[in-house]
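Okay, here's what each chain looks like letter by letter:
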Amino acid sequence: MKSKTRLYWNITCTNIAILFVVVWVHHYLSNAGLILPLGMVCIVLNSIRYRWNEQWMHGLDWIIKYRYPIAFVVFVVCVICHIHGSAIGCYDMILPDQTKQSILFGIARPIRGDEFNVQTPYYFSQYYNHYKEVSHYMSIAGQDMIIGYNAPVLDLTLIGKPFTWGYLLFGNTIGLSWYWCMKVILFLLMAYELLNILIRNSYYSFFGALLIVFSPSMQWWFCPHMYDVFFWATTLFVVGYYFFTSQKNWQKIGFTLLAICVLTGFVLALFPSCQIPTGLLMLALLIVCLYRDRQEWSFDKSDVIRILCVLGGLVLVLGHFVWNAQDQIKLLYNTVYPGKRISTGGNYQLYDLFSDFRTLFTPYRDPSMSNAPELSTFNHLGPFCMIYFPYLWSRMNQSQDTKDKPVGMTLFVVLCIEIFFMLIGFSETFAKITLFSYINRMKIVYGFTATIFTIWTMYAVYQNRKYLDKKVNAIYLIVFTCMIVFVTRSMIDPALMKHIFVYYCIAFGFVGLGALLIFSCRQAMITIFLILISITSMTINPIVHGTSSIYNHDYSRFIQSIISKEDSYWLVADSAYLQNFTMANGAKVLNAVNFYPDYGKWKKIDSKQKNDSFYNRYIHMNITLTTDKTKFQLITPDSIQIQLNVNDLKKWHVKYLVTNEDISTLLAQTDIQSKSLYQIIGDENVYQLSY
């Protein structure tokens, strides 16, 4: 009877939690009508547990057991329906001539410019480039498109880029859906496998996969590189583990081939700031887990051959890439920014070790309030789990089953190293020796590690709950309360000072989570965490249908009419978005974003490279035409303002110019002729130039 009452109480509280999420999201997020029917379905499904809880749990077991075929069906349905989460809807704000609504849920966020205004146009332009490795759609000298956001390229490296296969097979519309859906679904599957190997519990692993993939950090940084690094690092661990522990011949062959693909994908993610720490973390966990499970596998001559096959395949694929792109790689890593950036750590604050409470507000506030991606963290209890770990470790010694201890100790040690680097830092020499000099995103890697450690601690506490003293638990909880209250004020955004009470409520909410953890109230803790990820991260990226935001504008059709007749260079002046939008529709736009410096362009207007410090970087280029001498100004580390002399248009062979300037006045003293072809919006016109 007592267990039945507890079940009813849990179901009721869960329904209230679902209702809270529905009301919150519907009230604070525009275009959130879909949350109402979705919330009602969730409440109905949860309420079934009142009478058929055992069958409900069997259903969950069935979903976990058949997760791969279910994931495949969901993926196919979503791709057929052209569903994705891109923020390309921002173009509808810039070009408001399109009436068809493509966003089904949520909003397109301008702050996601690296995704909708750089990576997606890069990928779309490859359709017109016939998926060649070198593209001239944003460059005179050419840009290597494997280096450039790992765009779809018909090349050997394709074996390590499954997210882009849809582009080559079906074109841009299905390709974009394929890219987004596969990234979410595959990471959920791999995160589950990672956690299930670490803790051997399907329910915690299922929950932990949601906690990782739908964390604020992963969703705000879904594109272009960061998310990929965490996915490939996780997959590398999973494939590496089964590479050694699989017993059947077909499994051994399969994981040998997968190892080549996964290592290729991890290397080509090309983001050392996260690749190095996540790679080291997964290597440490892999070694520990293989040692822990050493009785489940054996190493023989066939394994040596398999390892040699992996190395040979990797050398073939990556050697081919490096040989073709060696000059471009040198250019990339010798740029002023980000190539010569050196990090020694020590530039973080104590509050960076905690989940940032501001992530609760960022999906619903004006993005000008703060840089939401930079604030984003994981939802975890890392600091509490760390101070509690020594006591938990000592209690685990009383248990006869100590197989979970090595994983916990490894995570604890890794977190200590990460925290030391964040708060104190390394000397420059030691940072270079350890390769930590490349790491300027340790906060995100720390959050990832802390989330895994939180799941491990939840599991370890439950397994050893009978050995834990409630009085000692209470003392740890008091210490954690003091810690979180101390750091809370440091998190408060000045724009939200009037809501300081809300911050402390959230802080005590995390204290409550800590209490639920150490007193092993699993279901309540999981429910609250699911509320957190539903509010803080599941609403970040919109649910979008199709690519009408790029292709269904009058300006899009005008570009298509031009490129179908001729292949010429374009330049877009005084615009932060139109240059990349124009490129996404198939035009060659010289001031679209360059991943590394295009000296074929710069040497034509700066033959002695006097301004190399400005354009020797990954750059967004805003150009304003002038009759004065060409000048450069650095705006941010990755963007420059160019006052371009109109005569330099001839040096770049620009035939189509998009600008809101009075061209006749600018060109009055030159031999350049212009003809207005099309008016985009307001004073923005497309001119055809002749020399």
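Residues numbered from 1 in each chain as written. Predicted model: local features only at pLDDT ≥ 70, side-chain atom pairs only at ≥ 80, totals over all residues. Heavy atoms only, no water.

Student: So, the sheet that holds strand β10 (residues 639–645): which residues are in play, and what are the values?
Tutor: What the 3 strands build is an open sheet, ordered β8-β10-β9; its pairing is mixed. The outermost strands of the open sheet, each flanked by one partner alone, are β8 (620–626) and β9 (631–636). The average undirected angle you get between the axes of adjacent strands in this sheet is 20°. Note that β8 and β10 share 7 bridges and pair parallel. (Pairing = 2+ DSSP bridges. Helix = DSSP H or I, 4+ residues; strand = E, 2+ residues; numbered from the N terminus. Axes fitted to C-alpha atoms, helices over the stretch in contact; angles between N-to-C directions.)

Student: So what's going on with a nonpolar patch on the surface? Which residues, and what values?
Tutor: Together, V41, V44, L45, I48, W52 and W56 line one region of the surface with nonpolar side chains, adding up to about 520 Å² of accessible area. Elements with a minimum of two residues in the nonpolar patch: α2 (35–47) and α3 (49–65). No other element matches the 3 residues that α2 contributes to the nonpolar patch. Here L45 shows up in helix α2. A relative accessible area of 45% means that L45 is categorised as partly exposed. (Patch = residues over 30% accessible without salt bridge, like charges linked within 9 Å, V, L, I, M, F, W, Y side chains within 5 Å. Areas by Shrake-Rupley, 256 points an atom, 1.4 Å probe, with all protein chains shown as cover. Salt bridge = Lys/Arg side-chain N within 4 Å of Asp/Glu carboxyl O. Buried < 20%, exposed > 50% of the residue type's maximum accessible area, 1.4 Å probe, protein only.)

Student: Describe the pairing of strand β6 (residues 569–572), and please don't skip the residues or the numbers.
Tutor: The side-chain alternation of β6 yields two buried faces, one formed by Y569 and L571 and the other by W570 and V572. One ladder, built from 2 bridges, connects β6 with strand β7 (residues 588–589); its direction is parallel. Within the sheet, the bridge partner assigned to Y569 lies in β7 and is K588. Regarding the hand of the β-α-β motif, the stretch spanning β6, helix α25 (residues 578–584) and β7 is right-handed. Two strands pair when backbone bridges link them, and β6 and strand β11 (residues 654–659) are joined in this way by 4 bridges, in the parallel orientation. Within β11, the position partnered with Y569 by the bridge is V654. (Right-handed = clockwise from strand over helix to strand, strands pointing away.)

Student: Got a sec to walk through helix α4 (residues 67–80)? Specific residues and values, please.
Tutor: Taking 1.5 Å per residue, 14 residues should reach 20 Å; α4 reaches 20 Å between its end C-alpha atoms and fits that length. The set of residues buried in α4 consists of A71, F75 and V79. Buried residues of α4 fall within an arc of 60° about the axis and therefore sit on the same side. For α4, the elements touching its buried residues are α8 (172–199). Phi turns positive, to about 60°, at H82, one or two residues after α4. (Expected span 1.5 Å × (residues − 1). Arc of directions from axis to C-beta. Contact = heavy atoms within 4.5 Å.)

Student: Got a sec to walk through the side chain of T335? Specific residues and values, please.
Tutor: With respect to the helices and strands, the residue T335 is situated in the loop between α14 (301–333) and α15 (372–375). Among the residues examined, T335 registers a relative accessible area of 0% and is labelled buried. A polar atom in the side chain of T335 sits 2.8 Å from the backbone oxygen of L332. For T335, the side chain forms a polar contact with the main-chain oxygen of Y337, separated by 3.4 Å. When near neighbours in sequence (up to four residues on either side) are disregarded, T335 contacts K340, P597, N616 and R617. (Polar contact = N/O pair within 3.5 Å; in protein donor to acceptor, adjacent residues only side chain to side chain.)

Student: Describe the environment of I640, naming the residues involved and giving the relevant values.
Tutor: Topologically, I640 is positioned in strand β10. The spacing of I640 and H620 is 20 residues in sequence and 6.4 Å in space, taken between C-alpha atoms. Leave out the neighbours within four places in its chain, and I640 touches F614, Y615, I619, H620, M621, N622, F632, Q633, L634 and I635.

Student: For the packing of α2 against α3, give the residues involved together with the corresponding values.
Tutor: For any two helices packed against each other, one specifies the crossing angle of their axes together with the interaxial distance. Put simply, α2 and α3 touch, their axes get as near as 7 Å, and they point 80° apart. Considering their axes alone, α2 and α3 lie roughly perpendicular with respect to each other. On α3, the residues that touch L45, N46 and S47 of α2 are R49, Y50, R51 and W56. Of the residues in the contact of α2 with α3, the class split is 3 nonpolar, 2 polar and 2 charged. (Parallel < 35°, antiparallel > 145°, perpendicular 65-115°, else oblique. Nonpolar A, V, L, I, M, F, W, Y, C, P; charged D, E, K, R; others polar.)

Student: Could you give me a rundown of helix α17 (residues 405–423), with the residues and numbers involved?
Tutor: The terminal C-alpha atoms of α17, which comprises 19 residues, lie 27 Å apart, in line with the 27 Å expected from a rise of 1.5 Å per residue. The complete set of buried residues in α17 reads K405, V407, G408, T410, L411, F412, V414, L415, E418, I419, F421 and M422. The elements touched by buried residues of α17 are α8, α13 (272–292), α16 (382–396) and α19 (442–463).

Student: Outline the pairing of β10, supporting the account with residue identities and numerical values.
Tutor: Burial within β10 is extensive, with 6 of its 7 residues counted as buried. As consecutive antiparallel partners, β9 and β10 are separated by 2 residues.

Student: I'd like a rundown of the nonpolar core, residues and numbers included.
Tutor: Grouped together as the largest cluster of nonpolar side chains are 194 residues, with contacts concentrated most on L198, F237, W456, Y555 and W570. No other element matches the 17 residues that α8 contributes to this core. Of all hydrophobic cores here, the second largest spans 27 residues; its members include W602, M621, L644 and L666. (Core = buried A, V, L, I, M, F, W, Y, C linked by side-chain atoms within 4.5 Å.)

Student: Tell me what's going on with the pattern of salt bridges, and back it up with residues and numbers.
Tutor: Taken as a whole and assessed by the stated rule, the structure comprises 18 salt bridges. The partner of D303 in a salt bridge is R306, and the shortest N-O contact between them spans 2.6 Å. In this pair, D303 and R306 both sit in helix α14, 3 residues apart, roughly one turn of the helix. In this structure, D303 and R306 share a single accessibility class: buried. Across the pair E374 and R441 runs a salt bridge whose closest N-O atoms are separated by 2.9 Å. Here R441 lies in the loop between α18 (428–433) and α19 and E374 lies in helix α15, a separation of 67 residues in the sequence. Among the residues examined, E374 registers a relative accessible area of 38% and is labelled partly exposed. R441 sits in the buried class, given a relative accessible area of 19%.

Student: Tell me about the sheet that holds strand β12 (residues 673–679), and please be specific about residues and values.
Tutor: One open sheet accounts for 5 strands, arranged β7-β6-β11-β13-β12; its pairing is mixed. Looking at strand neighbours, the two that pair on one side only are β7 and β12, the edges of this open sheet. Looking at chain direction, β12 and strand β13 (residues 685–690) are connected through 6 bridges and run antiparallel. Pairing of S676 across the sheet is with Y687, part of β13.

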